[in-house]
Protein chains: 2
Amino acid sequence: MITECPVPRAETERVLLGHGAGGRLTAELLEHTVLPAFGGQEGPLEDASLLPGSKELVMSTDGFVVSPLFFPGGDIGSLAVHGTVNDLAMRGAEPVALSVALIVEEGLELGQLEAVMRSLGKAAQEAGVPVVTGDTKVVGRGAADKVFITTTGVGKLLPGLAVSAANARPGDAVLLSGPIGLHGTAVLSTREGLGFEADIASDTRPLHRLVAALAPLADRLHVLRDPTRGGLAAALNEIARDSRLAVDIDERAVPVPEPVAAACDILGLDPLHVANEGCMVAFVAPDAADEALASMRSLPEGSGAVRIGDVLPADGRPGRVTMRTAVGARRVVDMPLGELLPRIC
Amino acid sequence: MITECPVPRAETERVLLGHGAGGRLTAELLEHTVLPAFGGQEGPLEDASLLPGSKELVMSTDGFVVSPLFFPGGDIGSLAVHGTVNDLAMRGAEPVALSVALIVEEGLELGQLEAVMRSLGKAAQEAGVPVVTGDTKVVGRGAADKVFITTTGVGKLLPGLAVSAANARPGDAVLLSGPIGLHGTAVLSTREGLGFEADIASDTRPLHRLVAALAPLADRLHVLRDPTRGGLAAALNEIARDSRLAVDIDERAVPVPEPVAAACDILGLDPLHVANEGCMVAFVAPDAADEALASMRSLPEGSGAVRIGDVLPADGRPGRVTMRTAVGARRVVDMPLGELLPRIC
């Protein structure tokens, strides 16, 4: 049963935290407030867009506002590199150049800013992408929270790939490169001092080498998406919506680490809604599934790759995502409505 | 007399508003905190950088944090387009594509956000550059101030131009495309309710067509720079520093509108230090000065173009900027030290 729950009118008059959470409110904000200013958006919303006049260069931008700045497994600096490298990678591109724009709060310790910048520089170097330009603004105390980083990337499409969220086909195998829920629970646990941070580290990492490993699949690779804000549920819903098909996954196949499951249980969160920063879903033609899994598993960042489900014909309900649960029932996997975990990236 | 005034040690331990003002503190922050993370910066700091592997595509990024969001002559949306288009233009490039990343404070009226986005879309359309990708983050109340916008642009170098802040030559004519001080005083007057906002409007506008009009000068056009943060004084000091030459301007030739002069007088500001968003300096070979002025004056945005000075040999003092004052004396035009007008762009 899929029922559209309309957002009450009063809620639409001011920006809510949920407008930035990657769920249904975010889609509404984009549709009603942001995109009309640009003459509307044609086609599916992708993480990166082709430069006009170019057949191989794509561009992507992402703002990072994570709190706290430092968390197990990473910090806002490394995250700002990985997030944009991955947005390019999900379009099938390798990173060519990054820009970095800082908005810094007056009073931030210079030592903290230096640590963030060192981490950002190291992450860029490890990903093999140069930071070519930047900008720094300072605002007064209380006008920002420590530091926000916007990274923009230009990438070059890998030849032979044509991935898109609108490109899923009935029968496709749905693959997942690794365990889910680590980033969101690591940040939340650190911020709130919940104690899970000893057992959970963010999965933040660049994914472009994993995509390059899949490049030999060529046109048998249909969709790539990293389940960041809104988690695996949002990623699958967006793909199902843009491809006008149904997606069905198997709960037992989705790798949820034990500490993540424990944290989600206590916090009342669904691991499918928790943000990730170092795994991706790949939709591939059924005859390419084994080859794709082997390619992903050949790299450390894909060592836990698994097949979690299949694409089904829309059957009158395009955009539907369902899950066969561990007890054998089938439930709808909804798009998260609003804010589950604010400032997670 | 040029004496380096070292910043006291205690001031270097936390980020100050002045670190974002475009003056000497900004240069220090870049040199000591930001750039070391990227293996140091080679060559002069330009507003836009070449993409690796490309001979014609450049990239630039800029964060906009202006307060208030709306001011006479513009708003944060139009400013975010003009600022990045102009950063590309100052490198001798026409804009190809923009990305837009929003950081929005929870509670902002959606109507205000819509107005900003409409203005941004209109400015992009008027500048002839498409917005190809974007991102929206929302942070809690008090964690940002209404909305910050980071725009990143990719531009294509105009053929035959090779402008750089390091490219000034002795004898060059120093041209200025129009009056100075309008943007900074318009924003400040609006923010503080000083009453000048009835007479002063920001000069925010795109400058790429003005640069295109200068393109026929080819290698006789040496330097382009828009005097934004830190004003004309900072722009000339940066050029003199990077070119290791001296610059001498004539105070009587620098166009300062009467209301700007009055506002600066009351506020104790030097108009040379006030930010602009719609004028530029061009350094051209002496035999190209008349042609360049005629080309600039053929466009509305260059109708007030004037010659304000000359480049002199370093003469043992590279980086020195001097001004012949209206009363016939000669004074040093210093780089502004720190924060004159916070959050002006």
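Starting from 1, residues in each chain are numbered consecutively following that chain's sequence as written. Lettering for chains starts from A, numbering for ligands starts from 1, and both go in the order in which the items are written. Predicted model: local features are reported for residues with pLDDT of at least 70 only, side-chain atom pairs are reported and counted for 80 or more only, and whole-chain, interface and lining totals are derived from all residues. In computing side-chain values, all of the structure's heavy atoms are included and hydrogens and water are not.

## A few points about the overall build of chain A
Reasoning step 1: Counting its secondary structure elements, chain A contains 8 helices and 14 strands.
Reasoning step 2: Computation of the radius of gyration draws on C-alpha atoms, with the globule rule given as 2.2 Å multiplied by the number of residues to the power 0.38. In terms of overall size, chain A behaves like a compact globule, its C-alpha atoms giving a radius of gyration of 19 Å where 345 residues would be expected to give roughly 20 Å.
Reasoning step 3: With respect to the three principal axes, the spread of C-alpha positions in chain A is 55 × 45 × 45 Å.
Reasoning step 4: Counting across all 345 residues of chain A, residues that qualify as buried make up 61%.
Reasoning step 5: In this analysis, two residues are considered to be in contact whenever any of their non-hydrogen atoms come within 4.5 Å of each other. In chain A, once contacts between residues fewer than 6 apart in sequence are set aside, the share between residues at least 24 apart is 84%. Secondary structure is summarised from DSSP: a helix means a run of H or I of at least four residues, a strand means a run of E of at least two, and numbering begins at the N terminus for each. Note on classification: 1.4 Å probe, protein chains only; a residue is buried when its accessible area is under 20% of the maximum for its type, exposed when over 50%, partly exposed between these limits.

## Observations concerning the packing of helix α2 (residues 76-90) of chain A against helix α3 (residues 110-127) of chain A
Residue and element names in this part refer to chain A.
Reasoning step 1: Every angle, taken between N-to-C directions, lies between 0 and 180 degrees, and every axis is a line fitted to C-alpha atoms, over only the stretch in contact when it is a helix. Where α2 meets α3, the closest approach of the two axes is 6 Å, and the angle between their N-to-C directions is 35°. Between α2 and α3 lies a crossing whose hand is right-handed. Across the interface between the two elements, Ile76, Gly77, Ser78, Val81, His82 and Val85 from α2 touch Val116, Ser119, Leu120, Ala123, Ala124 and Ala127 from α3.
Reasoning step 2: A breakdown of the residues in the contact of α2 with α3 according to their chemical character gives 8 nonpolar, 4 polar and no charged. If you view the pair so one helix is near and one far, a crossing is left-handed when the near helix is turned anticlockwise from the far one by less than a right angle, and right-handed when it is turned clockwise. By the convention adopted, Pro, Cys, Tyr, Trp, Phe, Met, Ile, Leu, Val and Ala count as nonpolar, Lys, Arg, Asp and Glu as charged, and the other residues, Gly among them, as polar.

## Digging into α3 of chain A
Reasoning step 1: Helix span, expected: 1.5 Å multiplied by one less than the number of residues in the helix. Between its first and last C-alpha, α3 of chain A extends 26 Å over 18 residues, near the 26 Å set by a 1.5 Å rise per residue.
Reasoning step 2: Downstream of α3 of chain A by one or two residues, glycine 128 of chain A has phi in the positive range, about 75°.

## Thoughts on the confidence of the model for chain A
Reasoning step 1: On a range of 0 to 100, pLDDT expresses the predictor's confidence in each residue. Looking at chain A as a whole, the pLDDT averages 92, with 93% of positions reaching at least 70.
Reasoning step 2: Contacts for the low-pLDDT stretch residues 1-11 of chain A, under 50 throughout, to residues beyond four places or in other chains number 11 contacts.

## Quick word on the pattern of salt bridges
Reasoning step 1: Salt bridge, as used here, is a side-chain nitrogen of Lys or Arg placed within 4 Å of a carboxyl oxygen of Asp or Glu. Taken as a whole, this structure holds 36 salt bridges over all chains when the rule is applied.
Reasoning step 2: One salt bridge connects aspartate 242 of chain B with arginine 241 of chain B, and the closest N-O pair in it is separated by 3.1 Å.
Reasoning step 3: A relative accessible area of 16% means that aspartate 242 of chain B is categorised as buried.
Reasoning step 4: With a relative accessible area of 38%, arginine 241 of chain B lands in the partly exposed category.
Reasoning step 5: Aspartate 310 of chain B is the salt-bridge partner of arginine 307 of chain B, the closest N and O atoms lying 2.7 Å from each other.
Reasoning step 6: Taken together, the salt bridges that share partners define one network made up of Asp248, Asp250, Arg252, Arg324 and Arg330 of chain A.

## Side note on the domain arrangement of chain A
Residue and element names in this part refer to chain A.
Reasoning step 1: Throughout the structure description, domain borders are defined by an automatic or database domain assignment. For chain A, the assigned domains read domain 1 (46-157) and domain 2 (173-332).
Reasoning step 2: The interface of domain 1 with domain 2 comprises 24 residues on the first partner and 21 residues on the second.
Reasoning step 3: We define buried area as the total accessible area lost by two parts upon association, computed with a 1.4 Å probe and summed across both. In total, domain 1 and domain 2 occlude about 1700 Å² of area from one another, counting both sides; carbon and sulfur atoms represent 61% of this.
Reasoning step 4: Summed over the three residues of domain 1 that lose the most area to domain 2, namely Pro72, Asn86 and Met90, the buried surface amounts to 33% of that side.
Reasoning step 5: Pairs of N or O atoms within 3.5 Å make up the polar contacts considered here, provided that, within protein, one atom can donate a hydrogen while the other can accept it, and that residues adjacent in sequence are counted only when both atoms are side-chain atoms. Across the contact surface, domain 1 and domain 2 share 9 residue pairs in polar contact (both at pLDDT 80 or more).
Reasoning step 6: Of all the secondary structure elements, the ones that give two or more residues to the side of domain 1 that touches domain 2 are β3 (70-71), α2, β5 (93-105) and α3.
Reasoning step 7: Here the side of domain 1 that touches domain 2 takes 8 residues from α2, the largest share from any one element.
Reasoning step 8: Residues belonging to the side of domain 1 that touches domain 2 are distributed by class as follows: 12 nonpolar, 8 polar and 4 charged.

## Digging into the sheet that holds strand β14 (residues 330-332) of chain A
Backbone-to-backbone hydrogen bonds pair the strands of a sheet. The strands run either parallel or antiparallel.
All names here are of chain A.
Reasoning step 1: Strand order in the open sheet formed by 7 strands is β9-β11-β8-β12-β10-β13-β14, and the pairing between neighbours is mixed. With one partner strand each, in any of the chains shown, β9 (221-225) and β14 form the two edges of the open sheet. The average angle at which neighbouring strand axes cross in this sheet is 25°, direction not considered.
Reasoning step 2: Sheet topology note: the strand β10 (residues 246-250)/strand β13 (residues 321-324) ladder contains 4 bridges and is parallel. Paired with aspartate 248 across the strands is threonine 322, a residue of β13.
Reasoning step 3: Contacting β8 (173-176), β11 (281-284) and β12 (306-312), helix α8 (residues 289-297) runs over the sheet at an angle of about 10° to β8. Two strands qualify as a pair provided DSSP detects at least 2 bridges between them.

## Section: the interface of chain B and chain A
Reasoning step 1: The interface of chain B with chain A comprises 71 residues on the first partner and 71 residues on the second.
Reasoning step 2: Each partner contributes to the roughly 5700 Å² buried at the junction of chain B and chain A, and carbon and sulfur atoms together form 68% of this total.
Reasoning step 3: When the area that chain B buries against chain A is broken down by residue, the three leading residues are Val15, Leu110 and Lys137 of chain B, summing to 11%.
Reasoning step 4: Put simply, chain B and chain A have 6 salt bridges between them.
Reasoning step 5: Residue arginine 229 of chain A pairs with aspartate 135 of chain B through a salt bridge whose shortest N-O separation is 2.9 Å.
Reasoning step 6: At the boundary of chain B with chain A, the tally comes to 23 residue pairs in polar contact (both at pLDDT 80 or more).
Reasoning step 7: When residues of the side of chain B that touches chain A are traced back to their parent elements, those giving at least two are α1 (24-34), β1 (49-50), β2 (57-64), β5 (93-105), α3 (110-127), β6 (131-139) and β7 (147-157) of chain B.
Reasoning step 8: Per-element tally for the side of chain B that touches chain A: the top contributor is β5 of chain B, with 10 residues.

## A few points about the state of the cysteines
All names here are of chain A.
Reasoning step 1: Note on disulfides: each one is a pair of cysteine sulfur atoms within 2.5 Å. One pass over the full model with this rule turns up 0 disulfides over all chains.
Reasoning step 2: For cysteine 279, which is in no disulfide, the shortest distance to another cysteine sulfur is to cysteine 264 and amounts to 13 Å.
Reasoning step 3: When its relative accessible area of 2% is taken as the criterion, cysteine 279 is described as buried.

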